[in-house]
Amino acid sequence: MTATEITPETALLNQSSGLRRMLIFGTGFGVAITGKNLEAVVVRSRPSGPIRLAATTIRDFRTRPAAEWGSDLTRFLESVREHHLAATVLVPRDEVIVRTVHLPGVADRDVAGAIELQIDTLHPFGDEEVAWAWMNVGSGHYAVGIVRKALLSSYETLFTEAGIPVAAFSFSSSAIHTALRIWSAAPASLLVLCTPDGRTEIYGESESRPFYSAEYPTSAERALALSRGELRLEQQSAAQSLAEALPQAAGLKEGYSALAYAAALVDSVPLMARFANLLPKDRRASSTRRQYWLPGILGSLLLAGLVAVFVVMPAMEQRSYLKALNAEIHKLE
């Protein structure tokens with residue numbers, strides 16, 4: 001059984017929103033597995049907002065040699081000069097068990113242990129080994145994603161054979177929850193409709209339920225009605241499509257996968273995004289460190305400014321004071 005823990009945010013990330021926006025800098029590569037196809041999007045994130053670079057669809061990847069469709073994805077990345085990127089991959093919703101666990105008063109360092117004690121009661125896979133990951137969704141609630149370990153290993157092997165490095169395997173609701181919060185706070189209530197590959201998936205948030213994820217075999221209208229009841233929202237409350245709910249990117253056009261776009265958004269800002277990653281830390285690929293150059297430079301300038309204000313200027317003032325004092329002493333002599 002494998003668990004992946006999300007570490008608490010550093011003190012630096014808890015500073016003002018202006019500083020947070022300065023750290024929004026990077027390029028992300030998101031991939032969504034939708035039935036027979038792979039949907040891929042590359043996004044560049046900046047403090048002013050996201051910029052979508054390109055999108056593509058790899059069709060029938062399950063029946064094609066991995067090296068073949070892997071070459072297609074590699075050429076896609078090279079076309080936007082981002083061949084160094086590692087992917088954040090979303091596993092299909094029907095292959096992931098998503099649960100919300102309420103653990104009031106439990107410190108983040110103890111959450112993994114608390115969830116592990118009850119993990120066998122959260123999935124229907126019996127004695128089969130599972131991989132799971134969690135994320136804090138607020139108010140003492142934690143979203144837990146669970147997949148069969150054999151399934152995760154098969155996807156990992158497939159992408160390795162394709163030559164595509166993977167930084168994370170996650171699931172749709174985790175990516176959506178995080179992507180909604182990169183540039184601004186999420187609304188108090190939200191109902192999002194996703195229909196990948198003909199399925200009806202709902203993501204929602206409300207005061208009574210800070211995190212809601214479900215997939216329905218019924219029509220979209222029926223799924224929305226049931227979800228409003230679960231979220232305790234009025235039946236007249238509006239629902240958005242996933243494309244409408246996510247931050248709007250410059251260059252955004254029709255014909256792209258909103259799920260892959262959400263994955264690319266969270267992948268583009270690793271300093272800011274906290275989402276559930278099913279892949280163990282020792283097997284995560286990483287993109288080049290070039291995307292950290294600007295945050296590093298800005299951080300260095302900020303540090304230099306603080307040193308100047310709190311160290312250099314007081315020392316200069318003290319030196320001036322001593323010089324004036326010595327001058328007065330000489331006058332008295």
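Whatever comes next refers back to the structure up there.
Treat the numbers as computed from the prediction; the structure is a model and nothing was measured. (Residues numbered from 1 in each chain as written. Predicted model: local features only at pLDDT ≥ 70, side-chain atom pairs only at ≥ 80, totals over all residues. Heavy atoms only, no water.)

**Looking at a nonpolar patch on the surface**
At step 1: A cluster of nonpolar side chains, Tyr-321, Leu-322, Leu-325 and Ile-329, forms an exposed patch at the surface whose accessible area comes to about 380 Å².
At step 2: Relative to the elements of secondary structure, Leu-325 occurs in helix α9 (residues 293–332). (Patch = residues over 30% accessible without salt bridge, like charges linked within 9 Å, V, L, I, M, F, W, Y side chains within 5 Å. Areas by Shrake-Rupley, 256 points an atom, 1.4 Å probe, with all protein chains shown as cover. Salt bridge = Lys/Arg side-chain N within 4 Å of Asp/Glu carboxyl O. Helix = DSSP H or I, 4+ residues; strand = E, 2+ residues; numbered from the N terminus.)

**Describing the sheet that holds strand β10 (residues 190–194)**
At step 1: Taken together, four strands build an open sheet; the order of strands is β12-β11-β10-β13 and the sheet is mixed. Each edge of the open sheet carries a strand with a single partner, namely β12 (212–216) and β13 (240–241).
At step 2: Pairing of β10 with strand β11 (residues 200–205), which is carried by five bridges, proceeds in the antiparallel orientation. From the neighbouring strand, Cys-194 faces β11, where its bridge partner is Glu-201.
At step 3: Those strands touched by helix α5 (residues 172–179) are β10, β11 and β12, and its axis lies near 40° from that of β11. (Pairing = 2+ DSSP bridges. Contact = heavy atoms within 4.5 Å. Axes fitted to C-alpha atoms, helices over the stretch in contact; angles between N-to-C directions.)

**Some words on the pattern of salt bridges**
Where side chains of opposite charge bring their charged atoms close, a pairing between them can arise.
At step 1: Enumeration according to the criterion identifies nine salt bridges in this entry.
At step 2: Among the salt bridges present, the one from Arg-75 reaches Asp-72, with a minimum N-O distance of 2.3 Å. Here Asp-72 and Arg-75 lie together in helix α2 (residues 66–79), a separation of three residues that amounts to about one turn.
At step 3: Accessibility expressed as a relative area gives 48% for Arg-75, which makes it partly exposed.
At step 4: Judged by its relative accessible area of 22%, Asp-72 is partly exposed.
At step 5: We note a salt bridge from Glu-205 to Arg-181, for which the minimum N-O separation is 2.7 Å. Placement of Glu-205 in strand β11 and of Arg-181 in the loop between α5 and β10 is noted, with a sequence separation of 24 residues between them.
At step 6: By relative accessible area, Arg-181 is classed as partly exposed at 29%.
At step 7: Bridged by salt links that share partners, the residues Arg-64, Glu-68, Asp-72 and Arg-75 form one connected network. (Buried < 20%, exposed > 50% of the residue type's maximum accessible area, 1.4 Å probe, protein only.)

**A word on the nonpolar core**
At step 1: Grouped together as the largest cluster of nonpolar side chains are 75 residues, with contacts concentrated most on Phe-29, Leu-38, Trp-69, Leu-73, Phe-159 and Phe-169.
At step 2: The element that contributes the greatest number of residues to this core is helix α8 (residues 258–268), accounting for nine residues.
At step 3: Those residues in contact with Phe-169 that lie beyond four places of it in its chain are Val-89, Val-91, Leu-152, Tyr-155, Glu-156, Phe-159, Ala-276, Asn-277, Leu-278 and Leu-279.
At step 4: One finds Ile-97, Leu-103, Ile-115 and Val-144 within the second-largest nonpolar core, a separate group that totals 14 residues. (Core = buried A, V, L, I, M, F, W, Y, C linked by side-chain atoms within 4.5 Å.)

**Description of the sheet that holds strand β2 (residues 26–34)**
At step 1: Spatially, five strands are ordered β4-β3-β2-β5-β9 in an open sheet, and the strand pairing comes out mixed. Because the sheet does not close on itself, it has two edges, and the strands there are β4 (49–58) and β9 (166–171). Across the sheet, the mean angle separating the axes of adjacent strands is 20° when strand polarity is ignored.
At step 2: Where β2 meets strand β3 (residues 37–46), nine bridges bridge the pair, whose relative direction is antiparallel. Paired with Gly-30 across the strands is Val-41, a residue of β3.
At step 3: Contacting β2, β3 and β4, α2 runs over the sheet at an angle of about 150° to β4.

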